[in-house]
Amino acid sequence: MARRRFTARLPIAVMAAVALVSTTAAAGAPASRSTTAGAATVGAGPDKPTIRYTEYGIPHIIASNWEGLGEGYGYAAAKDNICTLADTYLMVDAQRSRYLGADGRTSPGEHQNTTTNLNSDLYFQRINDNRVVERAIDQPAPNGPEPEVREGIRGYVQGYNRYLAETGVNNISDPACRGAAWVRPITELDVYRHAHAEIIMGVADPLLDGEVNAVPPGAAAAAPPAVSAEETASKIRDAMAVSRRQSMGSNALAVGAQGVSGGTSMLLANPHFPWQGKNRMWQSQLTIPGRINVSGGSLLGLPAVNIGHNDDVAWSHTVATVAPFGLFDVQVDPLHPTNYLVDGTWQPMTSQQVGVDVLNADGSVARVTRTLWSTRYGPITASMQGVALPWVVSAHAVRDANMGNLRALNTWFHLDQAKDVNDVVNTLETTEGVPFFNTVASDRKGNALYADIQATPNITDAHARSCLTLTGQLLFNQSLRLPNVPPVSIFDGKRSECDWPDDPNAVAPGLLDPHKQPRLIRSDFVGNANDSAWLANPEQPLAFPRVMGDTGTARSLRTQELILTAQNRINGTDGLPGRGFTPENMQQLLFADNSRAADLALNATVSACQGAPFGLVLVDGNLVNISEACPILAAWNHKYTSDSRGSWLFENFWFNLTGGQAVEKLPWRVPFDPKDPVHTPNSLDAGNDNVRNSLARAVLALRNAGIPLNARLSDVQKVTRNGEQIPIHGSLHELGVLNVVTPGLVDGKFDITFGSSFIQETRFTADGPPQSSSVLAYSQSANPNSPHYADQTRLFSAGQWVTERYTEDQIAASPALEVKVLD
């Protein structure tokens, strides 16, 4: 799929300059959808899988059994996103190089275009050759799929293939794959492989390239320069911090009975997922009368609701601070470097010939074969997050907690049917399938739940103290870590006792006992914005094993903003009428786009600006007059709404001031205090030279890009869809804005690479159906010829939401109702 090409994150002003000059010609009017069946077919009921489309192309799928439900999902998902799905199946089938060439870029993990097609193919071909997914399928539940999950996936394949057969490859309306030789019918194995790829993507980004490029040193190979443990740990730590800031995240807020007005509980789901590629979310409702009725979003191609609500429970996930993998430092024989030492005995590594087909420039196809190496702990890697791990005196092996994990499919199957938050906890504990995610939920009974119960390496604090290498200690422990960076372990591979032990209470070998993993149920609120579990609610700090994250460290500005938003609304101190959350004020507060960074630092920034002698600052050899910026910033309202002036200037200032460092490292007059983590650090030092210099750099950057200092956010932050420019409100995670949007370049044009995606708020009352509204920021379809390519993007731009149709009466009353019966 050649539509998307991404660049690394550029300075914000540079991307904005591209946005101002890059417009595309309209690709023609979107094709309209024809009605497939008349109103009478609505009454066909569950005997045949039936898709009812309501406003914005949202499918409400009803069937009499799981296979029929999966068939409806597969058909509707393919109709909206056949090219994105086909591209994903090409990836997990290890065929990208065969059809698209070895040097193209692809996205097997969380980030965009992180590796080459060839490296991706070698990685997935190795998994396929080892029958990792097939062996998981063959197991009984909970480690293998539940019978109903198998039925749903069987139906999904039928639905996908039915749409493809009805349409024909040459008649696909999306130009990204119309007529492509790599678009083909799929099998159940393709779907399981796709699910598995999503589950292991937390390891693919930092380690895929290293695993497929690890080569033992030759006899005459020169030893690389010696690098200290401190330097290696620091490089990995910094690289992971950058990766963390530039990857997907989420907010989730669950409000219990004490925090709502006019209901029993509420949930805000706000994942920040990619706007392009395999990690797009897609919205649906899935119903088997008397069995299941669930509505929400899922990762495209996974036939379940991953984030959403049913009659009694609403839930969401946020990216957690657990590292779902660990490394083992194995000593190698200098004369035979594919032998490694364990318990005083040399053991041979396992070699594996992995081959893939590659399309040459002349159109011919050649076979590329590479020898990959592994140990008892897992595959050898030559790097982590781009930092070299030389294979000389020792080598580094990877153990992935999620390799072979299909349990997540069972997790979502049971979450979709949960009756209360205790059901949610039980599901998380008995499946241990969630990969690197927290779970936040509310129920009709008035409870709010936070849980970080997932597939976590069984690394107790005592085990870590016993087995960490020096580099591992520096990475794993707090002294050399940035907050919010997962604690990666590097263990002594010479001792077999340092492998992750099996726990009798865990679902699978090597996993941490789920009962030791943090959870909290309250009646006011809990939430998470991608920091650790420590402050799910600041009134009840949590403790947990170090492998799951940090405690007592500074929270991100976004975490502070989420907590303060909840506290102020429940206490009625945010300036809005009344106390407690309602659907209206929950929507309003998210799209207020308030910046916690501005709350803490704007006044000092204005003071620094006004204090520049004659308004001049000498920075980087340039004499910059910053006086114009002072009244603009002084008048700014701290918001990243589309009409805000001064926001883009402050964003560039903050980008320069932070320079990628943790927020507590900035020049604050009041440092971080673990006894007051929501309000510290604060009071930026206006007299610090870096504050004024950073503002001067921002002013210079905007002027060089041709952007007025008082430009509205909508003047620069917008996406182009079929020639139409659509302003996008929100801002970066670093600015402490809940509605995260992260700009980047896609095919050389300004776009949003990840950020707010499927957004949903849900309220429960004592009786009656749940009340919910949502918006899918990038719309249902990636196909530029679909009527649902940008319709919800326009809604998101305007700060509007779609009122959900959940009951049969609500669906039938839709003026946009269109029905497709799968006879």
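As a reminder, the structure under discussion sits directly above these lines.
Residues numbered from 1 in each chain as written. Predicted model: local features only at pLDDT ≥ 70, side-chain atom pairs only at ≥ 80, totals over all residues. Heavy atoms only, no water.

1. Some thoughts on the overall build of the protein chain
For the protein chain, the count of helices and strands is 22 helices and 36 strands. Scaling as 2.2 N^0.38, a compact globule of 823 residues should have a C-alpha radius of gyration of about 28 Å, and the protein chain matches this with 26 Å. Along the longest, intermediate and shortest principal axes, the C-alpha atoms of the protein chain span 75 × 70 × 60 Å. Across the 823 residues of the protein chain, 64% fall into the buried class. Taking all contacts inside the protein chain whose residues are at least 6 apart in sequence as the whole, residues at least 24 apart take part in 71%. A total accessible area of about 27800 Å² is found for the protein chain, and carbon and sulfur atoms account for 50% of it. (Helix = DSSP H or I, 4+ residues; strand = E, 2+ residues; numbered from the N terminus. Rg over C-alpha atoms; globule rule 2.2 N^0.38 Å. Buried < 20%, exposed > 50% of the residue type's maximum accessible area, 1.4 Å probe, protein only. Contact = heavy atoms within 4.5 Å. Areas by Shrake-Rupley, 256 points an atom, 1.4 Å probe, with all protein chains shown as cover.)

2. A short note on empty space enclosed by the protein
Scanning all chains against the criterion turns up 12 cavities of 30 Å³ or more. Considered as a void within the structure, the largest cavity measures approximately 440 Å³ in volume. Forming the boundary of the largest cavity are 30 residues, of which R245, N484, S556, H733 and E734 lie nearest the centre. Mapped onto the lining of the largest cavity, the elements with two or more residues apiece are helix 9 (229-245), helix 14 (557-571) and helix 18 (647-658). Considering each element in turn, the lining of the largest cavity owes the most residues, 3 residues, to helix 9. In terms of residue class, the lining of the largest cavity is built from 13 nonpolar, 10 polar and 7 charged. (1 Å grid on protein atoms, 1.4 Å probe; cavity = no way out; pocket = protein on both sides within 12 Å on 5 of 7 lines; lining within 4 Å. Points joined across faces, edges and corners; volume = space filled by probe spheres on them. Nonpolar A, V, L, I, M, F, W, Y, C, P; charged D, E, K, R; others polar.)

3. With respect to the state of the cysteines
Two cysteines, two sulfur atoms, one covalent bond between them: this is a disulfide. Taken as a whole and assessed by the stated rule, the structure comprises 3 disulfides. The residue that forms a disulfide with C467 is C498, at a sulfur-sulfur distance of 2.2 Å. Looking down the S-S bond of the C467 and C498 bridge, the torsion is -85°, so its handedness is left-handed. Of this pair, C467 sits in helix 12 (residues 461-467) while C498 sits in the loop between strand 22 (489-492) and strand 23 (519-522), and the two are 31 residues apart along the sequence. When its relative accessible area of 2% is taken as the criterion, C467 is described as buried. C498 sits in the buried class, given a relative accessible area of 0%. Paired through a disulfide, C609 and C630 show a sulfur-sulfur distance of 2.0 Å. Its S-S torsion of approximately -90° makes the covalent link between C609 and C630 left-handed. One end of the pair, C609, is in helix 16 (residues 596-610); the other, C630, is in helix 17 (residues 629-635), with 21 residues separating them in the sequence. Each member of the pair C609 and C630 is classed as buried. (Disulfide = S-S within 2.5 Å.)

4. Here we look at the sheet that holds strand 11 (residues 325-331)
As summarised here, the arrangement of the 4 strands in space is 16-19-11-22, forming an open sheet in which the pairing is mixed. The two strands at the open ends of the sheet, each matched to only one other strand, are strand 16 (380-381) and strand 22. (Pairing = 2+ DSSP bridges.)

5. Observations regarding the layout of surface pockets
Of the volumes computed, that of the largest pocket is approximately 890 Å³. Elements supplying a minimum of two residues to the lining of the largest pocket: helix 4 (117-129), helix 5 (132-138), helix 8 (201-212), strand 14 (350-359) and strand 19 (394-400). Partitioning the lining of the largest pocket into residue classes produces 14 nonpolar, 10 polar and 8 charged.

6. Details of helix 10 (residues 407-415)
Counted residue by residue, helix 10 has 8 buried out of 9 residues, so it is predominantly covered. Buried within helix 10 are the following residues: R407, A408, L409, N410, T411, W412, F413 and L415.

7. Quick look at the packing of aromatic side chains
Taken as a whole and assessed by the stated rule, the structure comprises 22 aromatic pairs. Where W654 meets W668, the ring centres are 6.5 Å apart and the plane angle is 55°; that geometry is what we call tilted. Of the two residues, W654 is situated in helix 18 and W668 in strand 27 (residues 668-670); the sequence distance between them amounts to 14 residues. Residue class for W668 comes out buried when judged on its relative accessible area of 11%. One aromatic cluster in this structure is built from W636, Y640, F650, F653, W654 and W668. Its guanidinium or amino end placed over the ring of Y99, R98 lies 4.8 Å from that ring's centre, counting from NZ or CZ. A cation over an aromatic ring shows up here: R376 above the ring of Y377, its NZ or CZ 6.0 Å from the ring centre. (Phe/Tyr/Trp six-rings, centres within 6.5 Å; stacked < 30°, edge-to-face > 60°. Lys NZ or Arg CZ within 6 Å of the ring centre and 35° of its normal.)

8. Quick look at the sheet that holds strand 9 (residues 307-309)
In sheet architecture, strand pairing relies on hydrogen bonds along the backbone and comes in two forms, parallel and antiparallel. Strand order in the open sheet made by the 10 strands is 23-21-20-10-9-8-7-2-1-36, with mixed pairing throughout. Edge positions in the sheet fall to strand 23 and strand 36 (818-821), since each has one partner strand and no second. Across this sheet, the average inter-strand angle for adjacent strands is 20°, counted without regard to direction. Note: strand 1 (residues 50-54) against strand 2 (residues 58-62), 5 bridges, orientation antiparallel. Residue T50 lies in a different strand from strand 2, and its bridge partner there is I62. (Axes fitted to C-alpha atoms, helices over the stretch in contact; angles between N-to-C directions.)

9. A look at the side chain of T471
Counting through the fold element by element, T471 comes out in helix 13 (residues 470-476). Among the residues examined, T471 registers a relative accessible area of 15% and is labelled buried.

10. Here we look at unusual backbone geometry
The step from A141 to P142 runs through a cis peptide bond, and the omega angle for that step is 15°. You can see P142 is positioned in the loop between helix 5 and helix 6 (147-167). Omega for the peptide link from T680 to P681 comes to 0°, which places this bond in the cis form. On the secondary structure map, P681 appears in the loop between strand 27 and strand 28 (682-684).

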